[in-house]
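This is what each chain is made of:
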Amino acid sequence: MRSRMSPAFKLQCHFILIFLGALRGETRYLELREVAEADPLLLFNTDLKRELSEEQLYHRSLRCIDMLSIEGQFTFTAEQPQLQCAAFFIGEPEEVISIQYDLVSVDCQGGDFLKVFDGWILKGEKFPSSQDHPLPMSDRYIDFCESENIRTFSSSQNVAMIFFRIHEPGNGFTITVKKNPNLFPCNVISQTPNGRFTMVIPHQHRNCSFSIIYPVVIKISDLILGHLNGLQLKKPSVGCGGIGDFVELLGGTGLDPSKMMPFADLCYPFHGPAQLTIGCDNTVVRMVSSGKHVNRVTFEYHQLEPYDLGSPSGNSIKEYCFPSI
Ligand SMILES: *[C@@H]1O[C@H](CO)[C@@H](O)[C@H](O)[C@H]1NC(C)=O
């Protein structure tokens, strides 16, 4: 099996990890804001409260390559020609991202662009993949220069990004980023290497992928695929054959679940736990749903540590990209 990741992708991942780490510090700001808003004297006067929350909208400048997990207003100003910039936004699994253009000063005729993408793209790989996203690929990009009347955008999942190219120093833009609740999260990138999630697809013909951008140990504790009566028990050893409703575990080096290696197929309901160690850079739990059933899978995961591999005979975890149910 293939197991090596390209050095470039590794670098990108390190970028993300560093940014996510730095951003955790900034979430403390939001907690402070909540404390301020709970002050009874302020609740007294709603106008004052509104002014306060507007005033306290978090502001900062945006870097050419950036990663954000908090709400706020962000401004980019080019100090030199910036030809390849991207900002990644991420929320909690139960959130979607909204992006509003407050001020845009770019030279569309001169070759600048400012695009929103519904998902993430890293090294040409997209999340969610086209097999999992409700919209066709062309509808997932919105270029400010081609549709200047569209000032706000809402993502379909907890990640979104913008790309931009600005030639003229001094040009730039300001955006406001907010996070809104999503009652039925489908596609998700986990913000953290450890966590627990229940994916539910209630009578919908769609596919959902939960992506963890770390090597992990996953424990599946519960799987319900509508048909509880063991109708399909005749051929248990053949695998699911990609037919009907099933859950698959994927591992790989890029973001796109449709390009990752399937390590396990689960098409029979069970109460776990079943444990899987995936020593790949990226791990995905994916559910394919016909819409005939209410499907649900619960799993927890933690970052792969050397001790998870038993006796570590090799010296690098990254050499492993294997299933071990
Ligand atoms: C879900 O994914 C499968 C492949 O795994 C694909 O054949 C099918 O068309 C997808 N369904 C939807 C609704 O996109």
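Scroll up for the structure.
Residues numbered from 1 in each chain as written. Predicted model: local features only at pLDDT ≥ 70, side-chain atom pairs only at ≥ 80, totals over all residues. Heavy atoms only, no water.

For the rest of this paragraph, the subject is unusual backbone geometry. Cis geometry is found at the peptide bond from F127 to P128, where omega equals -10°. One can find P128 in the loop between β8 (125-127) and β9 (141-143). A positive phi angle, near 55°, is found at K123, a position not held by glycine. The phi angle at H203 is positive, at roughly 50°, despite the residue not being glycine. Note on placement: H203 falls in the loop between β14 (195-202) and β15 (205-212). (Helix = DSSP H or I, 4+ residues; strand = E, 2+ residues; numbered from the N terminus.)

Another point: the state of the cysteines. The tally for this structure, following the rule as stated, stands at three disulfides. Disulfide pairing places C108 opposite C145 at an S-S distance of 2.0 Å. Classification of the bridge connecting C108 and C145 rests on its S-S torsion, roughly -80°, and on that basis the disulfide is left-handed. One end of the pair, C108, is in the loop between β5 (95-105) and β6 (113-117); the other, C145, is in the loop between β9 and β10 (152-154), with 37 residues separating them in the sequence. Each sulfur in the disulfide pair C186 and C208 lies 2.0 Å from the other. What sets the handedness of the C186 and C208 disulfide is the S-S torsion sign, and at about -105° it is left-handed. In this pair, C186 is assigned in the loop between β12 (172-181) and β13 (188-189) and C208 in strand β15, connecting sequence segments 22 residues apart. By the burial criterion, C186 is buried, and C208 matches it. (Disulfide = S-S within 2.5 Å. Buried < 20%, exposed > 50% of the residue type's maximum accessible area, 1.4 Å probe, protein only.)

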